[in-house]
Amino acid sequence: ALFMAVIKTVFKAIAGRVQNSSEILSTVNREICRDYDAQMFTTLFCGILDTRTGEINYSNGGHNPPYHIARDGVQQVPKTGGRLLGLIEETTYGESRMVLGSGETLFLYTDGVTEAMDPAEQFFSERRLESILTQINFASAREQIEHLTREITLFAAGAEQADDITTLAIRFLGTAGSNNGELRFTLKNRIAEIAALGERLGEFAAVHQLTPNVLHDLNLALEEAVTNIISHGYSDHREHDILVRMRVESGAVIVELKDDARAFNPLTAPEADVSAPLEERAAGGLGIHLMRKLMDGIEYQRLEDGNLLIMKKNLEA
């Protein structure tokens, strides 16, 4: 633990004045080898992320290759060469670059993930890890880690943990005003998904610098729309997908909700009588009333395989 604390301190000091990842690792390695003779070593992945473009300059000192969770699949980040830090003082490290597109993730982990064992002493394995990452490529960083953690726990089935299990997900959301700032994700027809909806909307608002008023109105309208779909759209008890797409276009936020629920056009629903005393009002209708008041435009289309609801909210100056 003391050795790792020293490495973190040395790393921070060097990274503050060195411009590329390979030189950072080479310098950190020399300092460790020169000052510590306890025959201890460490693996270390070093990446420098340009938050404007999504480009990462990286170098790897013997660590498990991270994964690039891209729109078209999941693959290991290409290796750069370079041994563990702390073994040989004059070690050189290669470097490479990659680019994260909007909504893509760099996923790092320790070997305690792939070497987690079940009661039969079978490893969790890179193959299983890749399969799980493929299933969650459109989830948020937090959701990716939580899902993987659950899968490891289920796999281990109570077997004793032999090593640390550590993961880090860095998800690039794109840049404000760029064409790639569109956000797409899938919700399940469960009320618990409403929390995830708010989290993803918050990410989108941060990227596009939405004002608190616009974010507030979008959050309420979306919550009402998705709650209606989940609560009233399905007569079976099976799991269904609700596709959500958000983008900024022509001075407005455009939100599309696509589902395979029974047909329902909110534009034909009667106006709620909000002037009557609360105890005299008919049940229902207030959610749709709220959506109409908060949004600057609502469209509905009945598709062959479900419903498409499009909501528009003008941006504030």
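Provided above is the structure to which this section pertains.
Below is a summary of the structure that appears in this document. (Residues numbered from 1 in each chain as written. Predicted model: local features only at pLDDT ≥ 70, side-chain atom pairs only at ≥ 80, totals over all residues. Heavy atoms only, no water.)

1. Observations regarding the overall build of the protein
Reasoning step 1: Per the secondary structure count, the protein includes 8 helices and 12 strands.
Reasoning step 2: Here the protein has a C-alpha radius of gyration of 25 Å; the compact-globule value for 317 residues is 20 Å, and the former is much larger.
Reasoning step 3: If one aligns the C-alpha atoms of the protein with their principal axes, the spans along those axes are about 80 × 55 × 35 Å.
Reasoning step 4: In the protein, which comprises 317 residues, the proportion classed as buried is 44%. (Helix = DSSP H or I, 4+ residues; strand = E, 2+ residues; numbered from the N terminus. Rg over C-alpha atoms; globule rule 2.2 N^0.38 Å. Buried < 20%, exposed > 50% of the residue type's maximum accessible area, 1.4 Å probe, protein only.)

2. Considerations on the packing of aromatic side chains
Reasoning step 1: Enumeration over the complete set of coordinates arrives at 3 aromatic pairs.
Reasoning step 2: Consider the rings of F124 and F155, whose centres lie 5.3 Å apart with planes at 85°: the pair is edge-to-face. Residue F124 is located in the loop between α3 (111–114) and α4 (126–135), and its partner F155 is located in helix α5 (residues 141–156); the two are separated by 31 residues in the primary sequence. For the residue pair F124 and F155, the accessibility class agrees, reading buried in each case.
Reasoning step 3: Residue placement shows R128 over the ring face of F124; its charged tip is 5.7 Å from the ring centre. (Phe/Tyr/Trp six-rings, centres within 6.5 Å; stacked < 30°, edge-to-face > 60°. Lys NZ or Arg CZ within 6 Å of the ring centre and 35° of its normal.)

3. Observations concerning the nonpolar core
Reasoning step 1: Grouped together as the largest cluster of nonpolar side chains are 32 residues, with contacts concentrated most on L187, L218, L222, V226, M246, L257 and M311.
Reasoning step 2: Of all elements in the fold, only β8 (183–188), α6 (193–208), α7 (212–232), β9 (241–249), β10 (252–259), α8 (286–294) and β12 (306–314) reach the threshold of two or more residues within this core.
Reasoning step 3: When residues no more than four places from it in sequence are discounted, the contact partners of M246 are E182, L183, F185, L201, F204, L222, I254 and V255.
Reasoning step 4: Of all hydrophobic cores here, the second largest spans 18 residues; its members include V74, Y109, I136 and A139. (Core = buried A, V, L, I, M, F, W, Y, C linked by side-chain atoms within 4.5 Å. Contact = heavy atoms within 4.5 Å.)

4. Brief notes about α6
Reasoning step 1: Taking 1.5 Å as the rise per residue, α6 with 16 residues should run 22 Å; its terminal C-alpha atoms sit 23 Å apart, in good agreement.
Reasoning step 2: Among the residues making up α6, those that are buried are E193, I194, A196, L197, R200, L201, E203, F204, A205, V207 and H208.
Reasoning step 3: Here the buried face of α6 lies against α5, β7 (167–172), β8, α7, β9 and β10.
Reasoning step 4: Looking at the residues trailing α6, positive phi occurs at Q209, about 55°. (Expected span 1.5 Å × (residues − 1).)

5. Examining the sheet that holds strand β11 (residues 297–303)
Reasoning step 1: One open sheet accounts for 5 strands, arranged β8-β9-β10-β12-β11; its pairing is antiparallel. At either margin of the open sheet sits one strand with a lone partner, and together these are β8 and β11. On average, each strand axis in the sheet is inclined to that of its neighbour by 15°, with strand direction left out of account. (Pairing = 2+ DSSP bridges. Axes fitted to C-alpha atoms, helices over the stretch in contact; angles between N-to-C directions.)

6. Here we look at the packing of α4 against α5
The packing of two helices is summarised by the inter-axis angle and the distance between the axes.
Reasoning step 1: Axis separation between α4 and α5 bottoms out at 10 Å; the angle between their running directions is 140°. Classified by the angle their axes make, α4 and α5 are oblique. As α4 runs across α5, the sense of the crossing is right-handed. Across from R128, L129, I132 and Q135 in α4, the residues of α5 making contact are H147, L148, E151 and F155.
Reasoning step 2: Looking at the contact of α4 with α5, its residues break down into 4 nonpolar, 2 polar and 2 charged. (Parallel < 35°, antiparallel > 145°, perpendicular 65-115°, else oblique. Left-handed = near helix turned anticlockwise from the far one by under 90°. Nonpolar A, V, L, I, M, F, W, Y, C, P; charged D, E, K, R; others polar.)

7. Notes on a nonpolar patch on the surface
Reasoning step 1: On the surface, F41, L87 and I88 cluster together into a nonpolar patch covering about 290 Å² of accessible area.
Reasoning step 2: On the secondary structure map, L87 appears in the loop between β4 (73–76) and β5 (96–99).
Reasoning step 3: Relative accessible area serves as the criterion here: at 48%, L87 is assigned to the partly exposed category. (Patch = residues over 30% accessible without salt bridge, like charges linked within 9 Å, V, L, I, M, F, W, Y side chains within 5 Å. Areas by Shrake-Rupley, 256 points an atom, 1.4 Å probe, with all protein chains shown as cover. Salt bridge = Lys/Arg side-chain N within 4 Å of Asp/Glu carboxyl O.)

8. Digging into the pairing of strand β3 (residues 67–70)
Looking along a regular strand, one sees side chains alternate from face to face of the sheet.
Reasoning step 1: Going residue by residue along β3, you find Y67 and I69 tucked away on one face and H68 and A70 tucked away on the opposite face as well.
Reasoning step 2: Where β3 and β4 come together, 4 bridges link them in antiparallel fashion. Residue pairing for β4: H68 is matched across the bridge by Q75.
Reasoning step 3: What sits between the antiparallel neighbours β3 and β4 is a turn of 2 residues.

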